[in-house]
Structures are given as structure tokens and as C-alpha cells.
Amino acid sequence: MSTQEKLIQAEEAYHKLQTGTMAVSIMKDGRRVDFNRANIHQLKNYIDELKAQLGTPSSRRRPPAGVIF
């Protein structure tokens, strides 16, 4: 499975957890990993790692832009 395919799978799992599914499973490092609402932050970290591998910016929020007069 390519890194892009892993990212798609992880993002779909994250979406399911965000929209009410109680638990999801993904394949990570050749093994099945289960996630639920209690450990959703671990899934988000995994997504950010995959995005970094692909050179895609993560979805972490940026601080507000400064105002210049």
C-alpha cells in the first residue's frame, strides 16, 4: 500500500470517527490498528506523519496573521 493510499484510508477513518462511528480500523505497518473517540488524536498524528512523508502541509492551525499599518 502506498503512502498516498494509507493517507486516504486514515483520513476516511478520521472522518468516520468525527461523524459518529464508534470505532474504526486501519492497516498501519502491516498490522490492524483500532481507533475510537478516546484515541482519535493518535490517528490525527498518524495522518500528519503521512502528510509530512508526502510533503503535504498538515492541517494544524496557523497563528493569526499580523496587521501592518
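One can find the structure itself at the top, above this paragraph.
Because the structure is predicted, anything quoted here is derived from the model rather than measured.

Colleague: Account for the overall build of the protein chain, naming residues and giving values.
Modeller: Looking only at helices and strands, one finds 2 helices and 2 strands in the protein chain. Counting from the amino terminus, the protein chain carries its helices and strands in the arrangement α-β-β-α. Every one of the 69 residues in the protein chain was classed for burial, and the buried ones make up 25%. Residue pairs in contact within the protein chain that sit at least 24 positions apart in sequence constitute 34% of those at least 6 positions apart.

Colleague: How would you explain the pairing of strand S2 (residues 31-36) if you had to name every residue and give the values?
Modeller: As defined by bridge partners, strand S1 (residues 23-28) adjoins S2 across 6 bridges and the pair is classed as antiparallel. Across the sheet, residue Met 27 finds its bridge partner in S2, namely Arg 32. Taking the residues that link successive antiparallel strands as the turn, the S1-S2 hairpin has 2 residues, and the phi of Asp 29 there is positive, at about 55°.

Colleague: So what about the packing of aromatic side chains? Which residues, and what values?
Modeller: Under the counting rule described, the total for this entry stands at 0 aromatic pairs. The side chain of Lys 44 reaches across the aromatic face of Tyr 14, ending 5.8 Å from its centre.

Colleague: Kindly report on the pattern of salt bridges, identifying the contributing residues and their values.
Modeller: Summed over all chains, the structure comprises 3 salt bridges. Across the salt bridge formed by Glu 11 and Lys 51, the nearest N and O atoms sit 3.5 Å from each other. One end of the pair, Glu 11, is in helix H1 (residues 3-18); the other, Lys 51, is in helix H2 (residues 40-54), with 40 residues separating them in the sequence. Of the residues examined, Glu 11 reaches a relative accessible area of 33% and is grouped as partly exposed. Looking at Lys 51, the relative accessible area reads 11%, which means it is buried.

Rules behind the numbers
- Residues numbered from 1 in each chain as written.
- Predicted model: local features only at pLDDT ≥ 70, side-chain atom pairs only at ≥ 80, totals over all residues.
- Heavy atoms only, no water.
- Helix = DSSP H or I, 4+ residues; strand = E, 2+ residues; numbered from the N terminus.
- Buried < 20%, exposed > 50% of the residue type's maximum accessible area, 1.4 Å probe, protein only.
- Contact = heavy atoms within 4.5 Å.
- Pairing = 2+ DSSP bridges.
- Phe/Tyr/Trp six-rings, centres within 6.5 Å; stacked < 30°, edge-to-face > 60°.
- Lys NZ or Arg CZ within 6 Å of the ring centre and 35° of its normal.
- Salt bridge = Lys/Arg side-chain N within 4 Å of Asp/Glu carboxyl O.

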